[in-house]
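Examination of the molecular architecture
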Amino acid sequence: MASVVLDEFLKQRNMLLNAGSYEEAKANFRWPPPGEFNWAVDYFDKHLAETATNPALVYINDELFKTGDSRIFSYPELRARSNRLANALTELGIGRGDVVMVMLNNRPELFETFLALMKMGAVIAPATTLLLPADIEDRAARAHFKAIIADPEVVNKINQVRDRLEKLGVKYFITLGKPGPGWLDYYELTSGKSENFQGVRTKTDELLLVYFTSGTTAKPKMVMHTHSSYPIGHLTTMYWVGAKPGYRHMNISSPGILGYLSGS
């Protein structure tokens, strides 16, 4: 049964998509009420993956670009992939409220990791792969990571401060492939796992994301987002960029920069 928050989320989304003017959108928009809402469970899995027929993700990297190819992922496929990861991480011992640093480049695994952690009720701490070892240690000390999911290219940087990260409470180190001792292989973890996952019922005021500002003029500051402020808040982003059903949005921003997750 759909939640009151989801019903209102869909109502406001449809209103913004069909508004004929800014004045109309401003006059009619209402924030959904507090309650239970999990964007990945309620909207992505139970709405988009059941109804959408257009691609969820079109992935092109340098190698694919050279040949004019791309990898297409459907909504049901991303649901299944993220569910396998959610099951794998849950079996490890990662759960609701645990903070996980996600240090991945823009690639399919990034999107399924965001979805999986959201379904688990875990807290996502996105980070750019450009961070230095001292930056990683500082973030771990302040955000209290239980796990790090990292791109292979940053494993060596993490290894430089690994002893200190472990003392700060980081228990699991996961990367895409087999980089060496002490690291878990993302693909081995998810292999053979169920494509079904019972997502967590999260409150709209429950913590979802821990971002860090760029630190351009001072020490990076933590910015907290809930299951309401980011997924529901991005309805305004959807309206601002003019996104409509069927449009393709090119995302080249770093996962560690504020403004990453789309609510459309």
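Residues numbered from 1 in each chain as written. Predicted model: local features only at pLDDT ≥ 70, side-chain atom pairs only at ≥ 80, totals over all residues. Heavy atoms only, no water.

With that settled, consider the pattern of salt bridges. Counted by the stated rule, this structure contains 17 salt bridges. A salt bridge links arginine 84 to glutamate 195, with the nearest nitrogen and oxygen atoms 2.7 Å apart. With arginine 84 in helix H5 (residues 75–92) and glutamate 195 in the loop between helix H10 (186–190) and strand S8 (207–212), this residue pair connects regions lying 111 residues apart in the sequence. The exposure class of glutamate 195 is partly exposed, given its relative accessible area of 45%. Between lysine 178 and glutamate 188 there is a salt bridge, and its shortest N-O distance comes to 2.9 Å. Of the two residues, lysine 178 sits in the loop between strand S6 (172–175) and strand S7 (184–185) while glutamate 188 sits in helix H10, which places them 10 residues apart along the sequence. (Salt bridge = Lys/Arg side-chain N within 4 Å of Asp/Glu carboxyl O. Helix = DSSP H or I, 4+ residues; strand = E, 2+ residues; numbered from the N terminus. Buried < 20%, exposed > 50% of the residue type's maximum accessible area, 1.4 Å probe, protein only.)

Side-chain alternation along S6 places Tyr172 and Ile174 on one buried face and Phe173 and Thr175 on a second face that is also buried. Both strand S5 (residues 145–150) and S6 contribute to a ladder of 4 bridges, which runs parallel. Of the residues in S6, the one forming a bridge with isoleucine 148 is phenylalanine 173. (Pairing = 2+ DSSP bridges.)

What follows concerns the environment of proline 32. Structurally, proline 32 can be placed in the loop between helix H2 (22–28) and helix H3 (39–51). According to the relative accessible area criterion, proline 32 is buried, its value standing at 11%. Taking C-alpha positions, proline 32 is 37 Å from phenylalanine 173, a pair spaced 141 residues apart along the chain. Contacts of proline 32, omitting those with residues within four sequence positions, involve Val5, Glu8, Phe9 and Ile232. (Contact = heavy atoms within 4.5 Å.)

As a further point, take the side chain of aspartate 98. Residue placement: aspartate 98 occurs in the loop between H5 and strand S3 (99–103). In this structure aspartate 98 comes out as buried when scored by relative accessible area, which is 18%. Of the polar contacts made by the side chain of aspartate 98, one reaches the backbone nitrogen of glycine 95; its length is 2.7 Å. Look past the residues within four positions of aspartate 98 in its chain and what remains in contact with it is Gly93, Ala122, Val123 and Lys146. (Polar contact = N/O pair within 3.5 Å; in protein donor to acceptor, adjacent residues only side chain to side chain.)

Turning to the pairing of S8, a few remarks are in order. The element S8 is largely enclosed, with a buried count of 5 among its 6 residues. Pairing between S8 and strand S9 (residues 222–226): 5 bridges, direction antiparallel. By the bridge assignment for S9, phenylalanine 212 is matched with methionine 222.

Before going further, it helps to spend a moment on the environment of histidine 234. Within the secondary structure layout, histidine 234 lies in helix H11 (residues 234–241). For histidine 234, a relative accessible area of 8% puts it in the buried group.

A few words now on the nonpolar core. Core analysis: the biggest nonpolar cluster contains 57 residues, and Phe9, Trp39, Leu89, Val102, Leu117 and Met120 have the highest contact counts within it. Other than its neighbours up to four places away in sequence, leucine 89 contacts Ile94, Leu117, Met120, Ile149 and Ile174. The next biggest cluster of nonpolar side chains, apart from the first, holds 23 residues, and it includes Met101, Ile136, Val161 and Phe173. (Core = buried A, V, L, I, M, F, W, Y, C linked by side-chain atoms within 4.5 Å.)

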